[in-house]
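Below, each chain spelled out in residue letters.
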Amino acid sequence: MDNSLPPADELALVDRELARLDAHRSQLLARRAWLLRVLYAPAASTAPGPFPPAPGPRPTASGPRPTASGPRPTASGPRPPVADSTPRSAQNVLLTLGGTLLTIAAIAFTLVSWGSMGIGGRSVVLCVVTSAALAAPVALLRRSLVSTAESVAALGLVLMVLDAYALHRVALPEADGLGYTAVAAAVLAGAWTAYGSALSRLRIPLPVAVVAGQLPLPLGVLAAGGGPTVFAWAALVTAAADGAVILWTRPAAVRITAAVGATALGGWALLTGGWLSLTSPWSGAPLLLAAAALTLYVARRLPTLAVAASAVAGLAAVAAAGGLLRPAVPTDWTVPVYVLCGLALASVWRLSPAGDGAAEETGRRLPGGVRLGLAGAGGGVAALGVVWALPPVAVGLLGPMARTTEVWSGEHAGRALTSYPGTAVLVLAVAAAVLVAVPRLWARCGALALVWALLTALPVSLGLPYAATLPLQLLTTAAALGCAVRPGPMARGLRRPEPAEGRGTPEPEPSPAAPGAPWGAWAPSRPRPQAPATEPGTVLGWIAYAGGLASAVSAVALALDVREATFATLGALLVLLVGVAALGAGARRVVAACAAVLTATGLVVAVAAAGGFEDHWTALALLLVPAATAAVGAKARPVALPVEITGAVVALPAFALAASRPAFLALALALGGVIAAATAVRPERRRFASWTAAVLFLLATWVRLAVWEVTTPEAYTLPVTVPALVVGFLRRRRDREASSWTAYGPGLAATLLPSLVAAWTDPEWPRPLALGVAALVVTLLGARFRLQALLVLGGSVLALDGLHELAPYVVQAVGALPRWLPPALAGLLLLAVGATYEQRLRDARRLRDRVARMR
């Protein structure tokens, strides 16, 4: 570590820092012991004393200090037990239960026992109980019994509600229920507000007053028979009052309660205004604009809610403006009208506070959070409009793939595709134009995607005929692929994000800290690694590339309706993809090369279909593709491997098409082997291509033998065994430590095992004799050169083959012997083995070890 201090000075600094930490730890331990005595002292003990002084002088740098592994000092005396609950929580539980029981008793009295008392008794009970419940908290607060005062005050508030109910039942039974409830709620809200303001230490009255204040106007409107519009205005006015409470009151409980009420009632007003903007615009627009103004004022006064509140205000303003303009335009123009209103609102973001003149004054009036919320609301409306315009894009892209007729039927020729409103294209065009003007990468990416969507949806929205749709899709593909090759012009004018402060550069090394400073204050800092930035052209290029490939697939599907269009489209796409593969770079170049191979495959299939080729001739024609890719791979080094893999994949359906004619299948496999062998000439492909060629030639040989109805297994296995043994021999020459099982085992097993199975089922003698001679030769070679695989395989096959040949004679000999002789011979054998058991066991182990030492 590179430090500017000498080692001696740095050591002294470290010691001073450790001493300071030890002193601070001692102070904290003393404070902890004092807090434990305060919390768990007996009830009869005296009040705790003041904070104890720091114990002793601070240790010096050279003095002793506790180690990290040593025991920590603890407070004097044993730790007191932890109580199950604190006195405060127990008190709150008791007070809550007591207040609840009194409330239940009051409700039961009002509902049950009220009718049995006279008017005087009722009045006295109401006056005495309510007055006592409301006056008791005053005396309780003077004695600092806040929790008890809260419980009694809550009881008093409930009694006031019961008094209002009782008054309606006895004195005003003819009064309308909703109207009386509205007036009672207003009176109670005012009374509770005054009561809570007078006794400011009580936390319940003011929030309850806010709850009661939500009811008068809405209930009054319902009592007066007002409709949804009037009720929505009443809800909005009440929400405005709640907003005033939020802005000009201090208790958190009051503000939270008001916020909940404002959200509920304001949301109802906004929903009603949105519904009215669709059914009665001139009734809903004033309501929405008033709600927007109120929400915008709250957004300016409360910065923490600026974005959300201003977004709601923006949505309300767009709904109001769109509702007023909607009746004046045709039905197809409804969504574009809302989109234009949203984009006009989103332009508020351009009013930057950094400007001058009127723009600067407007910027001061609209803080950043407000501008962000309004712009987000306008952008959200525009985004919904774009979503509305996407169905024509999906139909233009995926419609040609939903084919229900034969290829080259000509069904689409001369008729228009399914029509959609032409204004969908207008929405896409306007959104793309707006995003182009924003100097941000995400906006430029969105504009590029929208331009592609516009070109894809144009034939569907305008109902263009087939003759115009296909060229337009090809032009879209060409434009997108061209942008993918040269994405630089699209990224021109983009504003690059500035790196974060201190990213990628080392921070200046601070000077050594004072003795009281923490350790990290003087340690040298290391440079922070900077995350690699993504080039805008790369992102834009991939977006254009994806759109070009999607349009290419759709164009091919659409071109399958007409034969001439198929050839023209495949030829044009082949030229485009080859151009991208030649001029592009990176992964886009590789994908274009592979797509060009697939396009060439489609062109070959189209030529074969137009010529009326049968499947086996089409298979041979398809082999031209892997042959061409092998030739191209020898020249085009950057894309050689992907192109050759794609060509090899194309060979698989060629073999499948030739399977109906085994003779042609053998020819196709042999031609594939020739292509692979030609590829194996190149050093970098020699290993894999040579094995592939060998497998294909072997498969071709087997198929040809099957065509000739050859049933001799050796005709199929010897072409595998001979090359495998040659390869194993060459490997053993290079690597003497290679196992004989790896070098010779597969080749020998490929012939010996199938021949053994055939010999056991062959009634003639030549096959078993030839197999036995071959197995004997293999066994002798294994014993001579100490090769385990040859010895084990050859010996096993020789033994089984000999057993098969001797089995009939053994059966005849056993049948001719007396019946007592086989058990006697078996007994003699067991006696001989038992007498020489240890020697036989040692011989078996010695044989096992010798075989195991073979390679």
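Starting from 1, residues in each chain are numbered consecutively following that chain's sequence as written. Local features in a predicted model are, by the rule used here, given only for residues with pLDDT of at least 70; side-chain atom pairs are given and counted only at 80 or more, and totals for whole chains, interfaces and linings are based on all residues. By convention in this description, side-chain values take in all heavy atoms of the structure and omit both hydrogens and water.

Moving on, we come to the overall build of the chain. Along the backbone of the chain there are 33 helices and zero strands. Any residue under 20% of the maximum accessible area for its type is buried, any over 50% is exposed, and the rest in between are partly exposed; the area is computed with a 1.4 Å probe on protein chains only. With 855 residues in all, the chain has 34% of them scored as buried. Of the contacts formed within the chain by residues at least 6 apart in sequence, a portion of 69% connects residues at least 24 apart. Looking at the chain as shown, the accessible area adds up to about 48,500 Å², and 70% of this sits on carbon and sulfur atoms. Strands here are runs of E lasting at least two residues and helices are runs of H or I lasting at least four, both read from the DSSP assignment and numbered beginning at the N terminus. In what follows, a contact means two residues having at least one pair of non-hydrogen atoms within 4.5 Å. Here the Shrake-Rupley method, with its probe set to 1.4 Å, supplies the accessible areas, and only the displayed protein chains count as covering residues.

Axis lines are fitted to C-alpha atoms, over the contacting stretch for helices. Their N-to-C directions set the angle, which ranges from 0 to 180 degrees. Contact geometry for helix α17 (residues 441-462) and helix α19 (residues 536-559): axes closest at 10 Å, N-to-C directions at 15°. In terms of orientation, α17 and α19 fall into the roughly parallel class. In terms of crossing hand, the pair formed by α17 and α19 is right-handed. Each of Leu441, Arg444, Cys445, Leu448, Trp452 and Thr456 in α17 lies in contact with α19, whose residues at this interface are Pro536, Val539, Leu540, Ile543, Ala544, Gly547, Ala550 and Ser551. In this count, Pro and Cys sit with the nonpolar residues alongside Ala, Val, Leu, Ile, Met, Phe, Trp and Tyr, while Asp, Glu, Lys and Arg are called charged and the others, Gly among them, polar. Counted by class, the contact of α17 with α19 contains ten nonpolar, three polar and one charged residues. The cut-offs work like this: below 35 degrees is roughly parallel, past 145 is roughly antiparallel, 65 to 115 is roughly perpendicular, and the gaps in between are oblique. Handedness of each helix crossing follows the sense of rotation of the near helix against the far helix: counterclockwise by less than a right angle gives left-handed, clockwise gives right-handed.

A separate point is the nonpolar core. Counting residues in each nonpolar core, the largest one holds 38 residues, and the members touching the most others are Tyr545, Val580, Leu623, Phe655, Leu665, Ala668 and Leu669. Aside from chain neighbours lying at most four places away, what touches Leu669 is Phe655, Leu696, Leu699, Ala700 and Val703. Joining through side-chain atoms within 4.5 Å is the link that ties buried Ala, Val, Leu, Ile, Met, Phe, Trp, Tyr and Cys residues into a set, and such a set is a nonpolar core.

This next bit is on the packing of aromatic side chains. Each aromatic pair joins two rings of Phe, Tyr and Trp (for Trp, the six-membered one) with centres within 6.5 Å, and gets the label stacked for planes under 30 degrees apart, edge-to-face for over 60, and tilted for any other angle. The full count for this structure, using the stated rule, is four aromatic pairs. Between the aromatic rings of Trp542 and Tyr545, the centroid separation amounts to 5.7 Å while the plane-to-plane angle is 80°, which identifies the pairing as edge-to-face. With a gap of three residues between them, Trp542 and Tyr545 both fall in helix α19, about one helical turn apart. The class of Trp542 is partly exposed, set by a relative accessible area of 36%. Ring centres 5.0 Å apart and planes at 70° place the aromatic pair Trp617 and Phe664 in the edge-to-face group. Of this pair, Trp617 sits in helix α22 (residues 615-622) while Phe664 sits in helix α25 (residues 662-679), and the two are 47 residues apart along the sequence. Sitting above the plane of the Trp349 ring, Arg371 keeps its charged end 4.7 Å from the centroid. Only lysine NZ and arginine CZ atoms are considered, and such an atom sits over a ring when it is within 6 Å of the ring centre and within 35 degrees of the ring normal.

Here we come to the environment of Val643. As for its placement among the helices and strands, Val643 is situated in helix α24 (residues 640-658). On the accessibility criterion, Val643 (5% relative accessible area) is buried. Separated by 17 residues in the primary sequence, Val643 and Pro626 place their C-alpha atoms 8.9 Å from one another.

We now examine α24. For a helix, the expected span equals 1.5 Å multiplied by the residue count minus one. In this model, α24 (19 residues) spans 27 Å end to end at C-alpha, consistent with the 27 Å of a helix rising 1.5 Å per residue. When α24 is considered as a whole, its buried residues turn out to be Ala640, Val643, Glu644, Thr646, Gly647, Val650, Ala651, Ala654, Phe655 and Ala658. Buried residues belonging to α24 abut α21 (586-610), α22, α23 (624-633), α25 and α26 (686-707).

A separate point is α23. Turning to α23, its buried residues number three or more, namely Val625, Pro626, Thr629, Ala630 and Gly633. For α23, the buried positions fall inside an angular range of 135° around the axis, keeping them on one side. Looking at the buried residues of α23, the elements they touch are α21, α22, α24 and α25. What the arc measures is the spread of directions leading from the helix axis to the C-beta atoms.

Before going further, it helps to spend a moment on a nonpolar patch on the surface. Patch building starts from residues that exceed 30% relative accessible area and form no salt bridge, then joins like charges within 9 Å and nonpolar side chains (Val, Leu, Ile, Met, Phe, Trp, Tyr) within 5 Å. For salt bridges, the criterion is a side-chain nitrogen of Lys or Arg within 4 Å of an Asp or Glu carboxyl oxygen. A contiguous nonpolar surface patch, about 620 Å² in accessible area, is contributed by Trp765, Leu769, Val773, Val777, Leu781 and Phe785. Mapped onto the elements, Val773 comes out in helix α30 (residues 766-785). The exposure class of Val773 is partly exposed, given its relative accessible area of 47%.

Glancing now at the confidence of the model for the chain. When pLDDT is averaged along the chain, the result is 79, and 77% of the positions lie at 70 or above. Every residue in residues 413-417 is under pLDDT 50, and counting partners more than four places away or in other chains gives twelve contacts. Per-residue confidence from the predictor is given as pLDDT, running between 0 and 100. Within the model, the stretch residues 497-533 combines pLDDT values under 50 with 43 contacts to residues more than four positions away or in other chains.

This next bit is on the packing of helix α5 (residues 177-198) against helix α6 (residues 205-213). Contact geometry for α5 and α6: axes closest at 8 Å, N-to-C directions at 160°. Relative to α6, the element α5 is oriented roughly antiparallel. The handedness of the crossing between α5 and α6 comes out as left-handed. Touching Ala185, Ala189, Trp192, Thr193, Tyr195, Gly196 and Ser197 of α5 are Pro205, Leu206, Val208, Ala209, Ala212 and Gly213, all from α6. The residue inventory of the contact of α5 with α6, partitioned by class, reads nine nonpolar, four polar and no charged.

What follows deals with the pattern of salt bridges. Summed over the entire model, instances satisfying the criterion amount to four salt bridges. Of the charged contacts, one joins Arg20 and Glu17 as a salt bridge, the two residues approaching to 3.0 Å between their closest N and O atoms. Of this pair, Arg20 and Glu17 both sit in helix α1 (residues 7-40), three residues apart, which is roughly one turn of that helix. Taking relative accessible area as the criterion, Arg20 reaches 21% and is therefore assigned partly exposed. Residue Glu17 is classed as buried on the basis of its relative accessible area, which comes to 7%.

Take unusual backbone geometry next. Although it is not a glycine, Ser144 adopts a positive phi angle of roughly 65°. Relative to the elements of secondary structure, Ser144 occurs in the loop between α3 (119-142) and α4 (146-170). Look at Trp408: it is not a glycine, yet its phi comes out positive at around 65°. As for its placement among the helices and strands, Trp408 is situated in the loop between α15 (390-398) and α16 (423-436). For Trp408, a relative accessible area of 24% gives the class partly exposed.

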